[in-house]
Each structure stands twice: as structure tokens, then as C-alpha cells.
Amino acid sequence: VSRALVWTSVMALGAALAGCGGDEAVAPTGAALAATPDASLPSGDAGATDAGAGGAGGAGGGVPSAPDAGPKKREVYRRNPFGNVAATNNLLWDGDFEWASAFSDQYGWIDAPVTTLQFTSAIVGADCRSGLKCARVKKGGGLYGIGVTTRGAKLAASFWAKPKSANASPPSCKKVSGALTSDGAADADAVIPPVAAAPDASGWCEYRVVAPPRQDKTYLYIRNDTGTDLVVDDAVLVRAPIDQVVTMELRPPTPEDVAAHAAIVEDLRKLPRGPYDPPPNAARRAFERVGAP
Amino acid sequence: VIGRGALALGAAIGLATLASSGAARAASFGADGSLVRDPAAVAWLDFESEPPRYLPDGLDPKCRDAAFTMTAGDDAMDGASFARLLVQPGCSERLMVYLPHEKASYRATIWARHGALNAQFVAIYQDPQATPPTVAKMLPTGRVTSDGWVELASNDFPVDGPNLAHAYVRISDFASTAGVDVDALEVVPSGDFVEAKSCTGHDDASCGAERQCEWKTCVLPRLNLPPLPAEELRGPVVDVLASQMRLFFGGQRTRTEALPKALAWVESMRGAATASAFWGAWARGVRELHDWHTNADAGIGGGLGSPKRLNACFIEGDADVARAAWPKDPRYADILVSHVGPGSGGLAPGDRLLAVDGKHPIEWAEGLGDTYWGLWRACDPNVHAEAVERLGGPVWGGALMLRYAETFTYVHCDAQSGSCDETPTTVRVADLPNNDGSGYDVYCDNRPLYHLADGKGPDPANHYGLWWQVFRGRIEGTTADEAIFGMAWDSLWGGGDPNGHINSEIANAIADWKAGARGVILDHRAGNGGTLDAATNVTRLVRPPMTIGAFRAPIAVAGFDGPDDAAAGKAIYDEFAATTPYPVGDPGWASDLPVALVLHRDGSASDFMPFGLKGAPNVRIFGPHATAGGFSTFIQFTYWQAMSWQLASGDTIAFDGRALIGHGVEPDEIVLAKQSDLLAGKDTVHEAALAWVRAHLKGAK
């Protein structure tokens, strides 16, 4: 019971910040992250832009390959199969999910709460915003993106989520919570609020924050309270330029914040603390014999 | 058997006239988004009717039933239906494709949705010994559709049409729950045909720039690799791969000494003109990281093998018998035959391997790294055991000489007389007898012999079982009064479960030894690592508690190069010893029990374990050299089941401030296997350990 309450509280914190002043705390889109790699990527309709074919970005949907000629069977896009390669120096191990495999023992994302190290939430296809892989977060579930910090520099974080509505009401970006967190006590969690309350025309919500420098190894935590499955993609955590404005709401932590962080610490400490060399995995060995006819 | 060629064409298959080779082509889309087949296509499957299946001889019965259902839908990629694929674990579906009776180069494409598709185009030939199969992986091109379809394509692959037995696409689904939809397989002429060609070994340049010699066959690495990224994406892809290394890789020594060399190779990718050159330069960079936990794999040469057999294992040793005629290489240990099985090519325990392709075997094996993706190296640059262990052994466990050598040269020594031939023997690998399948392929575990009484160790005929099993008992040749017990095992996979298999074995052994042993020999000569808890548990026998190190892995601060000096290291230890400790010892440790630890090729948790034992009051470590120094963990990345890589990340800071990665644990006594002992059926390192234990027995005056 206590665990459930704690999880609820950390998300309540996120929702509260997003809904009550969170929008105001966000610097203007583009300006806030003007120097970050993904700021050069097209924003908005992921189904109607093409950063993958024409540039280094790789995010966005892609330009239809044929002109509009009435009712169409489908649109065809071109994506960068290597994902958002514009996000060089991404401090997340694999922010764009493009290097995911169910056979990995230690991959860059972990399902939350932590029950296994195998990441089982990767999905493939045009539903993704950038590249060809992204994550599906089940309702009430979450993700940890594993990253690093860079001491002495502010951090700019962003990710995209595509919420659906669980009922007749329109989907809301505020039902998705994000935060920069850690398994230590040196840094306050930095809530990552949505840029807008409602999804853009393509159904995607963007979340951004610029946080003060952090001491501890940094994780990106995303939780889905939309009441239905959620697609998440294109997470970026980079060192922010020195002149970039901190957009994280700075205030003393509430007891709820402290409890929420304690729950995260408890969860993250389930991760291995030491080398991790499992015995040979039969499934993996089967794939390694892929050359056999 | 389904016939070849146009005779077996069904409604699901179209055959077009072979167009001339040219640039890569594929289907396009009409204004309404409908697929328009490439007019040059020579074959396609549109799944309008059930495609013919290929069932190889010997197929597991569970894989015989069709793993797909034909499904009608307006959103089929081609026509009005597609296949919904749901393959059982361990199986694949194989769909026949009919290609022209011509020698040509092709590119294959297929569309999939609602999950990921593992797809390869396979051509097998009438005489598979003369012409090995062509297997080309199919990977995303970047084209996707609003109704969820994702295009996969191969790089150009050659097909010797006149000699073709069967061509098919082999597919299986993953990352799906209800299966993956598949449609619109198309094969289009693309590129230039190259004839199958045999080769003599790694140094054979006749394969040309685009092929490399694997298992005596010129293979095209590009068949296993992603395509060369489009020109405008190439630089950014390199930037991302380089930043992975810069931000996340390694610890103090590996970052300082190896990372710059690796990054230079990654930078060279920018000038690559082919997929092989591009990804080959990147994989070379990964190998230059020189790290026990770090590797890249694309399965190049996978599925091939050798009709020959070289059923022998090698070990670093001291050729004290054959030394006079053949001096020691000052750079490396001598290489001796440790143990053999049937089909050893004339090699016998105690023989000395002088050279492979004219080079010292270690120099030769580590030199394979210019093209061999699987080269395994210790973090400690002075350790070469990984290369030596893989010189021989079974195809699935090394066999580097069978795979890459043209010749090897050895000196045969006679066990009866204890003397060696006056002249060395050079053997062409191609002249080795064919493998008759008799007996076992011996596993190489750096143990010439086992020493547990009553045959309690692994089967000496094959050396199998140490990957996961723990063997223990009284040491052979000792008396009941001496009460010297031993344990042979190679896994420290505790997995965080104190009641798990390995941890239970360790705990039970310690309890037994405390109760009834006067001396212990721990034989851990092919230590494959595991987890820290198991390493800690071993140390509970020999020392009081302390936190001997702070584990700082994976890396926490981007690009952290490690502490500047011991004082800075000590500060890190002080900060993190409580939160990420490597704890050792136990208040109830056996203060009067001598424990000998025998090492050889050990890494990761198998570095931590000896580090935790070293310096304990009644412990002595025996071995030929240091352990691997792999004091970190790793991060894994995978590209569509085609290419995977693993980067070591982080370091461990000792209680005195030392950054440990790259500095293997040195034995207290450097002992190499003596050739004279191998000839006499003795195990030098074990004998040294036993002598020390006997001299320090618990309770002795």
C-alpha cells in the first residue's frame, strides 16, 4: 500500500507542476533548447515532416513520397533507421530506443517499477516519432532511461509522448509525467513538464526542461497516467549551454517530493551493483548462428 | 523437394525477365499509396495465395507446421492479402523464391508491421561443400508507411543461379505479441556478381577488398551488415557512435590508453565508401578499446565451419624441454598443447606450438583483429590468455587456427623419453584429416588435468561442464589426514540470489571446509565472471570484513577519465564505499585455513574474486600472469538482430584510491605450465598450489 501511495504522489507532483505553473515555467519552445541537437529538428506534425531523408535529424515522420492525389491508401515516409542522430552527445544510453533488443542484459531503458533488466516495451514502426523503434508504456506503468550526468553544467532534457484518450475526453499531455532523477540524495528531481497541455496535430506531446547541474548519475523517469497505453520516443538529455535559462521549478522539496524520490531510489537500487556476466543465453546463441541455413 | 526455376511457379510468385545489373532498386508507390513493383524485379511474393515453404532435412518436428496464416486486408502492402507470421521459439519460417538460372547479384526487400521481423535471404547450392550458402540479412531501409509497414532490405548478394538448389527468405517475428504481418517480398538485380571463392587463411589477400577469408571461404561482410548510411546521414551516425564511446566507455586506464586509438578508427568511418568499410572501421574501433567486456558482433562467417578437425587446446607455458633449439620469444610465453581429443592433427599434450603462419601464436591471434570481429582481449595489456585459449578448441568455442590459419608449426615431444624432435613440423590446415565426428570436441579451460579424487571433476575426455557446474571434493593423491579439499568452477553468477545455485555451492563448500578441511585449493582457471555477490561470498572464507573497493560502474559522469591520483581516488572511495561497495570477508572467517587460488584466464567478477582474496592472511594465488583487469560492467546495444555491441563502462576504486580497470590481479607466485610436466602427465600450477597448502596445513606444528 505504501508503495502505491508513493508512486501516486510522485506522479501527482508531476501533474501538479505541469498543470499549475508548469507551462509558465517553460521557456519558449526552441529558444529554451536552441543549442541542443534536437532543436534543429522539425517540431509539430510527426507525420508530415521529413528530417530523416533530407537531413541529419531523423526525427519526425517524413515527407510523403507521392503527391496528394485524392483518397489515399497510405502515406509513405522516410525515416532514418539509425534514429535521431542529430542528438549527438545524448547523455542517455539510447534515448531513441533504436539500439534496443529483448536479448540485452543491460540496455539503456528499464521498465518501471523495476522487475527485470530485460526491456520488453520496445515497439517498431511508423507509430514512432523518430527512427523506427520507440517504447510502448502500459497504463499506470513507467520507464527509466539510464544516463549519465555532466558535472558543472546545466542539463537540457526532452522527450516526446503520444497519449491516447482512455475515454471520450481528448487526450491530455498532462497525464504523462517526466522527471530527471537519480538513485542518490544530492539532486532534487527535476520535473519535465509538457510544452503544451494538448497534443499537437499529429498527436504528440513534447516535454522539456532545463535543469541545474546535477551531481549524481542521472535517469529519465517517465510515467503513464493516461489510462491507456502510451508511445514514448526521442528522449534527449544533453549538456545545456551556459547561458541557457533554467526552467525547472526551483523550490524546497515537499514531503511528497521526498517520499516520491525515496521510492525511486528504492526501485533503482534493485539494479545490479557490480559486474553482470550471465551464463550464455540460449536465445542469444540462436541468433548468433544466424548464418546457418 | 520442390523443383527449381520457373517450373514451380505458382500464383503467388511472379517471374520477370532478368534485367541487367545496376544500382539498387526497389518497389515504388503510386499516387494513391499503392505499391508499384520494380519492373526489373526477377521474383516476388505478394501473398495473394499461400507461398511454397522450404523445409530443410532434419528440421525439428515442432517447426514443420506453417508459422503463418494468410490474411485478407485492404491495407495489404501488395494486393489484397498478406501473411501473419507467428513463429515458435527456436524455429523459422522459410518461403521459397525462384530465381533465374543465371549468375547475378540481387537485392531483396520485404515489408513487415506490428513488430520486428528477423529476415534473411538464403541461397543454397547443389554442392554445398563447393559453394557455401549465401545468407544476406535484411534490415530497415527507413521507408515506412502510415498503415504501419516498415521496409527491410538486404545489401547486394550474389547468387550462382545455375548451381542453385533452393532460394528462400527465412523469417521469424520478434517484439510482437500477436505476430508480425509480412508482405511484398521482391528481388531486384543490383550490383555485380562475384564468384564463390575459397581462400587459404587470414593473410590471403586474394579475396579482394570487399571480401575477407573466413573458414577458408571468401565472404562478403556486407551480407551481415546494415547498409552504408546515406551520405547526409553518415557523419551524424559517426558522431553518435563516437559519442557513445566518449561518454560511456571504460575507466581510467582503458580511457587513457585505448580510447584515443578507438576513436581514430571511428573517425575513419567518415571516408568509407562501402557498408563493409564503414561498419568494419567502427568494429575495429570497438576492438581497439582493448577491453574484456567490450565487443561487436555481426555474425560474419557464422554458419560456416570446417570439414577439418584440430581437436586440441593450448596453454601459455614454459617449454623447458624444447627450449634449447627454439628460444623463447621475449614478448610472450611459450605456447604448449594442454590437452587433446580425437583428431588432434598429430598434436599431443606437451608439444610446443612454435608459430602460426610464421608468427608467434599470440602475435598471430591478436593480429586477426584487423578483420576478425570476435577478437577477445583483456583490459590489462600484458595479458594474452584470451587469445591463447581460443587458438584451438571446438568451432563453437574458438578454433581460430582452423578458421584463419594456413599453416602451423610445432615441435613434437615424446612423453616416454622426455625429449623433443630436432626439427619442427609444419602442417597445412588444409591437409588436416577431415572430421570423422568421433569422440568429443575438447573444451579449452586452461586445465591440463583435474585433481578431485574419485573422478568428481568434469569428464577429462571433453572438459565440459565448468561453465555452470561446481565440482568439489578431496584432492587426489592426498591423505585423509591431510584433509585437503578443492573446488573447480568458472562461473560467479550469483545473480543477487543468496540461495541461487552458485552462491549455495560456495556457501556449502565454505561450511564444509570450515568444519573439516586443513587446506583448500580453488581452481578457477577459466573464470567467466558473474556478479559481485558470488565474488564476495568466496572471500568470506579467508578474511575479516572490509569494503575493499567502491564499484563505480556503469559510468556515472559523462566521459569521466578517472581520478587524477591516489588521493582523488581515495576521495571517490570514501564517498561511495557505503553506497556501491565491494564488500569482502566475514567475521567468522577461517583464520587458520590455508587457501590456494589457481588462476589463468579470468575476468570481471573473476577479477573481483581474486582481488578480494589477495593479501588475505592465509591465501596464496598461483598462475602464469595477471587476471584480465575487467573491473567494470557494460552497456549493450543491438541493431535489429544483425549487429550487437557492448561497451564496458565504469571502473572500480580500491580502498587505497587505485583505479583498478586494466590492472589485473597478479598471482603471488608466477607459475607456468612446464612442458616437462605436461609430458609427464603433471599439472605444474596445481602441483605448486598443493605443495604450498601442504606446507601450511591447518593445525600443523
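Conventions we followed
Residues numbered from 1 in each chain as written. Chains lettered and ligands numbered in written order. Predicted model: local features only at pLDDT ≥ 70, side-chain atom pairs only at ≥ 80, totals over all residues. Heavy atoms only, no water. Helix = DSSP H or I, 4+ residues; strand = E, 2+ residues; numbered from the N terminus. Buried < 20%, exposed > 50% of the residue type's maximum accessible area, 1.4 Å probe, protein only. Contact = heavy atoms within 4.5 Å. Buried area = accessible area lost by both parts, 1.4 Å probe. Salt bridge = Lys/Arg side-chain N within 4 Å of Asp/Glu carboxyl O. Polar contact = N/O pair within 3.5 Å; in protein donor to acceptor, adjacent residues only side chain to side chain. Pairing = 2+ DSSP bridges. Disulfide = S-S within 2.5 Å. Phe/Tyr/Trp six-rings, centres within 6.5 Å; stacked < 30°, edge-to-face > 60°. Expected span 1.5 Å × (residues − 1). pLDDT = per-residue confidence, 0-100.

Draft legend 1. Focus on the overall build of chain A. Looking only at helices and strands, one finds three helices and 11 strands in chain A. Scanning chain A from its N terminus toward the C terminus, one meets helices and strands in the order α-β-β-β-β-β-β-β-β-β-β-β-α-α. A total of 293 residues make up chain A; the buried ones form 58% of that total. At a minimum sequence separation of 6, the contacts of chain A that also span at least 24 residues come to 77%.

Draft legend 2. Region of the structure containing the interface of chain A and chain B. The interface of chain A with chain B comprises 64 residues on the first partner and 88 residues on the second. In this assembly, chain A packs against chain B so that about 6300 Å² is buried in total across both faces, 60% of it on carbon and sulfur atoms. Scanning the region where chain A abuts chain B turns up one salt bridge. Linking chain A to chain B there are 24 residue pairs in polar contact (both at pLDDT 80 or more). Every element with two or more residues in the side of chain A that touches chain B is listed here: β1 (76-78), β3 (122-124) and α3 (282-288) of chain A.

Draft legend 3. The environment of Leu354 of chain B, seen in detail. Residue and element names in this part refer to chain B. Its location among the elements puts Leu354 in strand β20 (residues 352-356). In this structure Leu354 comes out as buried when scored by relative accessible area, which is 17%. Sequence separation of Leu354 and Gly495 is 141 residues, and the distance between their C-alpha atoms is 41 Å.

Draft legend 4. A look at the pairing of strand β10 (residues 134-145) of chain B. Taken across its 12 residues, β10 of chain B has 12 buried, putting it largely inside the fold. The pairing of β1 of chain A with β10 of chain B spans three bridges and is antiparallel. Each bridged residue has a counterpart across the sheet, and for Val76 of chain A the counterpart in β10 of chain B is Thr145 of chain B. Strand direction decides the pairing type here: strand β9 (residues 116-125) of chain B and β10 of chain B, joined by five bridges, are antiparallel. Considered in β10 of chain B, the bridge of Val122 of chain B is made with Val135 of chain B. Here β10 of chain B runs beside strand β11 (residues 150-153) of chain B; their pairing, made up of three bridges, is antiparallel. Each residue of the ladder has a partner; that of Pro140 of chain B, found in β11 of chain B, is Leu152 of chain B. Here β10 of chain B folds back onto β11 of chain B, and the loop between the two strands holds four residues, one of which, Gly148 of chain B, carries a positive phi near 100°.

Draft legend 5. Highlighting the state of the cysteines. Counted by the stated rule, this structure contains seven disulfides over all chains. Note on cysteine connectivity: Cys128 of chain A is disulfide-linked to Cys134 of chain A, with sulfurs 2.1 Å apart. On the sign convention where negative is left-handed, the bridge of Cys128 of chain A and Cys134 of chain A, at about -70° about the S-S bond, is left-handed. Each of the two residues, Cys128 of chain A as well as Cys134 of chain A, counts as buried. A sulfur-sulfur distance of 2.0 Å marks the disulfide that ties Cys313 of chain B to Cys444 of chain B. On the sign convention where negative is left-handed, the bridge of Cys313 of chain B and Cys444 of chain B, at about -85° about the S-S bond, is left-handed. Of this pair, Cys313 of chain B sits in strand β18 (residues 312-318) while Cys444 of chain B sits in the loop between β24 (425-428) and β25 (471-474), and the two are 131 residues apart along the sequence. For the pair shown, Cys313 of chain B and Cys444 of chain B are each scored as buried.

Draft legend 6. Here's a closer look at the packing of aromatic side chains. All names here are of chain B. One pass over the structure, following the stated rule, counts 31 aromatic pairs over all chains. On the basis of an interplanar angle of 75° and a centroid distance of 4.9 Å, the ring pair of Phe608 and Phe631 is categorised as edge-to-face. Taken as a pair, Phe608 in helix α10 (residues 605-613) and Phe631 in the loop between β31 (619-623) and β32 (633-639) lie far apart in primary sequence, 23 residues in all. For the pair shown, Phe608 and Phe631 are each scored as buried. The class for Phe631 is buried, based on a relative accessible area of 0%.

Draft legend 7. The arrangement of helix α1 (residues 231-248) of chain B in detail. The end-to-end C-alpha separation of α1 of chain B is 27 Å, in line with the 26 Å expected for 18 residues at 1.5 Å each. With 13 of 18 residues buried, α1 of chain B is to be regarded as a mostly interior element.

Draft legend 8. The pattern of salt bridges, seen in detail. Residue and element names in this part refer to chain B. The final tally for this structure, using the stated rule, is 46 salt bridges over all chains. For Arg84, the salt bridge identified is with Asp181, shortest N-O distance 2.8 Å. Placement of Arg84 in strand β6 (residues 81-85) and of Asp181 in strand β14 (residues 180-189) is noted, with a sequence separation of 97 residues between them. Assessed through its relative accessible area of 0%, Asp181 is described here as buried. Note that Arg284 is salt-bridged to Glu288, the shortest N-O span being 3.1 Å. On the criterion of helical spacing, the pair formed by Arg284 and Glu288 is a turn pair, its members being four residues apart in helix α3 (residues 275-288). A residue is classified by how much of its surface remains accessible, and Glu288, at 21% relative accessible area, is partly exposed.

Draft legend 9. Broad picture of the confidence of the model for chain B. All names here are of chain B. Averaged over every residue, the pLDDT of chain B is 94; the share at 70 or more is 96%. A low-confidence stretch, residues 1-23 stays under pLDDT 50, and its non-local contacts, those more than four residues away or across chains, total 59 contacts. The complex model carries a pTM of 0.89, and its ipTM stands at 0.91.

Draft legend 10. Region of the structure containing helix α12 (residues 684-695) of chain B. Helix length check: α12 of chain B, at 12 residues, gives a terminal C-alpha distance of 17 Å against a target of 16 Å (1.5 Å per residue), a fit within 8%. Along α12 of chain B, the residues that are buried comprise Thr684, Val685, His686, Ala688, Ala689, Leu690, Trp692 and Val693 of chain B.

Draft legend 11. Seen up close, unusual backbone geometry. Cis peptide bonds are those with omega within 30 degrees of zero, and the linkage from Ala112 of chain A to Pro113 of chain A qualifies with -5°. For Pro113 of chain A, the position within the fold is in the loop between β2 (109-112) and β3. Pro554 of chain B follows Ala553 of chain B through a cis peptide bond whose omega is -5°. Mapped onto the elements of the fold, Pro554 of chain B is located in the loop between β28 (546-552) and α9 (566-576). Phi at Lys216 of chain B takes a positive value of approximately 65°, unusual for a residue other than glycine. Inspection of the secondary structure puts Lys216 of chain B in the loop between β15 (212-214) and β16 (217-219).

Draft legend 12. Expanded view of the pairing of strand β19 (residues 334-340) of chain B. Residues and elements named next belong to chain B. The element β19 is largely enclosed, with a buried count of six among its seven residues. Relative to β19, β18 runs antiparallel, the two sharing six bridges. Its bridge partner being in β19, Ala312 is matched across the sheet by Val340. For β19 and β20, the ladder comprises two bridges, and the chain directions are antiparallel. By the bridge assignment, Leu336 is partnered in β20 with Arg352.

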